[in-house]
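Listed below are the residues making up each chain.
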Amino acid sequence: ATAEHMRDYFRTALRWAHAAHEQDAQARYFLWMWNGGPRGGASIRHAHAQMGLGCGMHYARIEAMRRAACEYRAQHGADFFADMRALHDDLGLGFRAAGLHGFLHAAAMRPKDAWVFGESSTPDDGLADAFAATLRALIDRTGTGAFDAVVYAPPLFPGASEDWSGFPCFARIVDRGAPSMISSDIGALDLFAHNSIAVDPYEVREQMGLP
């Protein structure tokens, strides 16, 4: 994927979201996803992007993160996401992609768990450029062959009753293992206990070659 491709993907997704919202004014909770290759869940080999626009509340993982951020602000009087970025910078896991801030998550969901933060509340061209730069670094320099990606954002349209103050729009990309692997990249430990990550994020950070 190039920056031009990603800009087109995001712009197309937003046009679809606006068209869907015109049909249902309660639909405002936007989610963009990409299954990269069969190991990433794609049914056929293409840019298998999907999107959703939920009603009532955001998708469960995003809502859980919003609540965690609200609780963190109430307890510590600080911005959850800003502190996450600062923490990963302090750990040496932060990077810049097309001028935007990103990091490799210290408590990764899957290997090479890269986050990139936009400067807008929606997936704009700046985030598309940073997403493309991060994904290309993972593919070209770290050997990622299959992946899953997502864009989290606060509600696209007004009317939500929850507190979304300080919630950014950001992308997340994870590695799903070599396409030639026969075994699954997750097992009972990941499903029932904790995420099992066999890749050192510091090695990935160095290999990515991003500032």
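As shown above, the structure is provided for reference.
Residues numbered from 1 in each chain as written. Predicted model: local features only at pLDDT ≥ 70, side-chain atom pairs only at ≥ 80, totals over all residues. Heavy atoms only, no water.

Observations regarding the overall build of the protein chain
Argument step 1. For the protein chain, the count of helices and strands is six helices and seven strands.
Argument step 2. For the protein chain, the succession of helices and strands along the chain, N to C, is α-β-β-α-α-β-β-β-α-β-β-α-α.
Argument step 3. For the protein chain, the C-alpha radius of gyration of 17 Å lies close to 17 Å, the compact-globule estimate for 211 residues.
Argument step 4. By principal-axis analysis of the C-alpha atoms, the protein chain measures approximately 45 × 45 × 35 Å.
Argument step 5. Taking the intrachain contacts of the protein chain between residues at least 6 apart in sequence as the baseline, contacts between residues at least 24 apart amount to 68%. (Helix = DSSP H or I, 4+ residues; strand = E, 2+ residues; numbered from the N terminus. Rg over C-alpha atoms; globule rule 2.2 N^0.38 Å. Contact = heavy atoms within 4.5 Å.)

Section: the pattern of salt bridges
Argument step 1. Counting across every chain of the model gives 13 salt bridges.
Argument step 2. Residue R66 pairs with E63 through a salt bridge whose shortest N-O separation is 2.7 Å. Of this pair, R66 and E63 both sit in helix 2 (residues 60–76), three residues apart, which is roughly one turn of the helix.
Argument step 3. Residue classification places R66 among the buried positions, given a relative accessible area of 10%.
Argument step 4. Residue classification places E63 among the buried residues on the basis of a relative accessible area of 3%. (Salt bridge = Lys/Arg side-chain N within 4 Å of Asp/Glu carboxyl O. Buried < 20%, exposed > 50% of the residue type's maximum accessible area, 1.4 Å probe, protein only.)

A short note on the pairing of strand 5 (residues 114–117)
Argument step 1. Residues A114 and V116 of strand 5 are buried on one face, and the alternating residues W115 and F117, pointing to the opposite face, are buried as well.
Argument step 2. Pairing of strand 4 (residues 100–104) with strand 5 involves three bridges; the strand directions are antiparallel. Across the sheet, residue F103 finds its bridge partner in strand 5, namely W115. (Pairing = 2+ DSSP bridges.)

Comments concerning the packing of aromatic side chains
Argument step 1. Counted under the stated rule, the structure contains 20 aromatic pairs.
Argument step 2. An angle of 25° between the planes, with centres 5.4 Å apart, marks the rings of F103 and W115 as stacked. Of this pair, F103 sits in strand 4 while W115 is found in strand 5, placing the two residues twelve residues apart along the sequence.
Argument step 3. One aromatic cluster in this structure is built from Y29, Y72, F80, F81, F103, W115, F117, Y152, W164, F167 and F170.
Argument step 4. Its guanidinium or amino end placed over the ring of W164, R66 lies 5.5 Å from that ring's centre, counting from NZ or CZ.
Argument step 5. Lying across the ring of F117, R85 places its NZ or CZ 4.8 Å from the centre. (Phe/Tyr/Trp six-rings, centres within 6.5 Å; stacked < 30°, edge-to-face > 60°. Lys NZ or Arg CZ within 6 Å of the ring centre and 35° of its normal.)

Comments concerning the nonpolar core
Argument step 1. Residues W32 and F131 are the most contacted members of the largest nonpolar core, which totals 36 residues.
Argument step 2. Looking at which element gives the most residues to this core, the answer is helix 4 (residues 125–142), with eight residues.
Argument step 3. Excluding its chain neighbours within four sequence positions, the residues that come into contact with F131 are M6, F10, W32, W34, A149, A171 and I173. (Core = buried A, V, L, I, M, F, W, Y, C linked by side-chain atoms within 4.5 Å.)

Points about the environment of E206
Argument step 1. Note on placement: E206 falls in helix 6 (residues 201–208).
Argument step 2. Along the chain, E206 and T142 lie 64 residues apart, while their C-alpha atoms are 9.3 Å from each other.

Quick notes on the side chain of N35
Argument step 1. Tracing the sequence through the fold places N35 in strand 1 (residues 27–36).
Argument step 2. A polar side-chain atom of N35 sits 3.4 Å from a polar atom in the side chain of Q50.
Argument step 3. If we skip the residues at most four places from it in the chain, N35 touches G40, G41, A42, H48, Q50, F147 and D148. (Polar contact = N/O pair within 3.5 Å; in protein donor to acceptor, adjacent residues only side chain to side chain.)

Structural notes on the sheet that holds strand 7 (residues 170–175)
Argument step 1. Overall, antiparallel pairing links the seven strands, which are arranged 2-1-6-7-5-4-3 in an open sheet. Either end of the sheet is taken by a strand with one partner, and the two such strands are strand 2 (48–55) and strand 3 (94–97). The mean angle between the axes of side-by-side strands here comes to 20°, regardless of whether they run parallel or antiparallel.
Argument step 2. As defined by bridge partners, strand 3 adjoins strand 4 across four bridges and the pair is classed as antiparallel. Opposite R96, over in strand 4, you have H101 as the bridge partner.
Argument step 3. The strands touched by helix 3 (residues 80–90) are strand 3, strand 4, strand 5 and strand 7; relative to strand 4, the strand with the most contacts, the crossing angle is about 65°. (Axes fitted to C-alpha atoms, helices over the stretch in contact; angles between N-to-C directions.)

Points about a nonpolar patch on the surface
Argument step 1. Among the surface-exposed residues, L87, L91 and Y202 lie close enough to one another that they form a single nonpolar patch of about 270 Å² accessible area.
Argument step 2. With respect to the helices and strands, L87 occurs in helix 3.
Argument step 3. Classification of L87 as partly exposed rests on a relative accessible area of 45%. (Patch = residues over 30% accessible without salt bridge, like charges linked within 9 Å, V, L, I, M, F, W, Y side chains within 5 Å. Areas by Shrake-Rupley, 256 points an atom, 1.4 Å probe, with all protein chains shown as cover.)

Scope: geometric values only; no functional claims are made or implied.
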